[in-house]
Amino acid sequence: MRKAFVIGWPIAHSLSPDLHHFWIDRHAIDGSYEKIPIEPKDLDSFIRGFSDKGFVGGNVTIPHKEEAFRLCDVTDDHANAIGATNTLWLENNCLFGSNTDSYGFSTNLDDQAPGWDEVDTALIFGAGGASRAIIHAIQQRKIPRILLANRTRSRAERLAAHFGPDVIPADMQEVPTLVKGAGLIVNTTSLGMTGHEPLEVNLHNAAPECVVSDLVYTPLETPLLAQARKLGLRTSDGLGMLLHQAVPGFAKWFGIEPEVDQALRDHVLEILLRRDEPKSEIEAG
Ligand code: ATR
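Residues numbered from 1 in each chain as written. Predicted model: local features only at pLDDT ≥ 70, side-chain atom pairs only at ≥ 80, totals over all residues. Heavy atoms only, no water.

(A) Structural view of the packing of aromatic side chains. Considering all chains together, one arrives at 11 aromatic pairs under this definition. Consider the rings of F46 and F55, whose centres lie 6.3 Å apart with planes at 50 degrees: the pair is tilted. Taking the relative accessible area as the measure of exposure, F46 reaches 5% and is therefore buried. Measuring from ring centre to ring centre gives 4.8 Å for F250 and F254, while their planes differ by 50 degrees; the resulting arrangement is tilted. Of this pair, F250 and F254 both sit in helix α11 (residues 247-254), separated by 4 residues, roughly a single helical turn. Each member of the pair, F250 together with F254, is buried. The residue whose ring lies beneath K3 is F55, and the NZ or CZ to ring-centre distance is 4.3 Å. (Phe/Tyr/Trp six-rings, centres within 6.5 Å; stacked < 30°, edge-to-face > 60°. Buried < 20%, exposed > 50% of the residue type's maximum accessible area, 1.4 Å probe, protein only. Helix = DSSP H or I, 4+ residues; strand = E, 2+ residues; numbered from the N terminus. Lys NZ or Arg CZ within 6 Å of the ring centre and 35° of its normal.)

Listed below in structure tokens is the structure:
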């Protein structure tokens, strides 16, 4: 039996086991994918010892992605550009690490908004870890100008310095003007997530062909995406990226390239909605 894992701290709410087990069942693989809570202090020993426990590799999530990158023997170009790994596997007794978030972002947009990369300017909100993966994805698709708006300008400046002169830091106050020239708008912050404030951006001046993407998937339609849809703009939700980023890891560990289709999406959505129910019952009652 081939065993994979996802580690994080906390990890209880990870949807990754649900989607990997959907593929394991679909392809009748003798395999498993376990959710394992790992405290930061235990990361090193877990990563060095997982093969002794019978694991072939796994996913790494918050807060371990950067430290896992440092612990790998070999990292690929994606992980190197982003400075973090989310996918680990063993090859010739060496620990390999990749970062599949950029792949997940781009392939999801290819699905949900074909032609999304045929634009001159992208506008990204946020300058944290998620933003790094999105900048890398957009640079790979050769969109020439990336405007990076962040509450804390110095963080946007640091990312711009890392990724090069095509990344231009901006203040949130400049956003109303920047929206007009953007062919792609992406939210990488946690704003708009259930229990958080919405991302306050007025899209009325956006070009009609602009694509609006949100990495948040709880709710599936964030206030930003709802506004974009009402204005007739094309949108792309965060669940699609979550599903697509899982593909390369599954292929490495289990030897089959799985498909992201409506059946998988419905399966994971049902789990997400079931999770929300008790909360709304409590809120209502
Ligand atoms: P991640 O690794 O998931 O991207 P992060 O590194 O904590 O998470 O980054 C979160 C991003 O959301 C940052 O760009 C943060 O802005 P700051 O750099 O100014 O902290 C942004 N963010 C979070 N809460 C915010 C809020 N209330 N208003 C504006 N931006 C916010």
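(B) Structural detail: the sheet that holds strand β12 (residues 234-236). With respect to topology, 6 strands assemble into an open sheet ordered β9-β8-β7-β10-β11-β12, the strand pairing being parallel. A single partner strand is all that each edge strand has here, and the edge strands are β9 (167-170) and β12. The average angle at which neighbouring strand axes cross in this sheet is 20 degrees, direction not considered. As defined by bridge partners, strand β8 (residues 145-149) adjoins β9 across 4 bridges and the pair is classed as parallel. Looking at β9, one finds that L147 is bridged to I168. Where helix α5 (residues 101-112) meets the sheet, its contacts fall on β10 (184-187), β11 (211-214) and β12, and the angle it forms with β12 comes to roughly 140 degrees. (Pairing = 2+ DSSP bridges. Axes fitted to C-alpha atoms, helices over the stretch in contact; angles between N-to-C directions. Contact = heavy atoms within 4.5 Å.)

(C) Structural context of the side chain of H64. The residue H64 is located in the loop between β3 (55-60) and α3 (65-71) in this model. Side-chain polar atoms of H64 contact the backbone oxygen of I38, separated by 2.7 Å. Other than its neighbours up to four places away in sequence, H64 contacts I7, G8, W9, I38, E39, P40 and L43. (Polar contact = N/O pair within 3.5 Å; in protein donor to acceptor, adjacent residues only side chain to side chain.)

(D) Summary view of the environment of A122. Its location among the elements puts A122 in strand β7 (residues 121-125). Overall, A122 belongs to the buried group, its relative accessible area being 0%. In the structure, A122 is positioned 88 residues away from C210 in sequence and 9.5 Å away in space, judged by C-alpha atoms. When residues no more than four places from it in sequence are discounted, the contact partners of A122 are I138, I143, R145, I146, L147 and L184.

(E) Examining the pattern of salt bridges more closely. Inspection of every chain in the model, using the stated rule, returns 13 salt bridges. Note that R70 and E67 form a salt bridge whose closest N and O atoms lie 3.1 Å from each other. Residue R70 and its partner E67 are located together in helix α3, separated by 3 residues, close to a single helical turn. Judged by relative accessible area, which is 35%, E67 ranks as partly exposed. The salt bridge involving R274 is made with E270; its shortest N-O contact spans 3.6 Å. With R274 and E270 both in helix α12 (residues 262-284) and 4 residues apart, the pair spans about one turn of that helix. The partly exposed category is assigned to R274, whose relative accessible area is 49%. In the salt-bridge network here, residues are joined through shared partners; they are R153, E157, D171 and E174. (Salt bridge = Lys/Arg side-chain N within 4 Å of Asp/Glu carboxyl O.)

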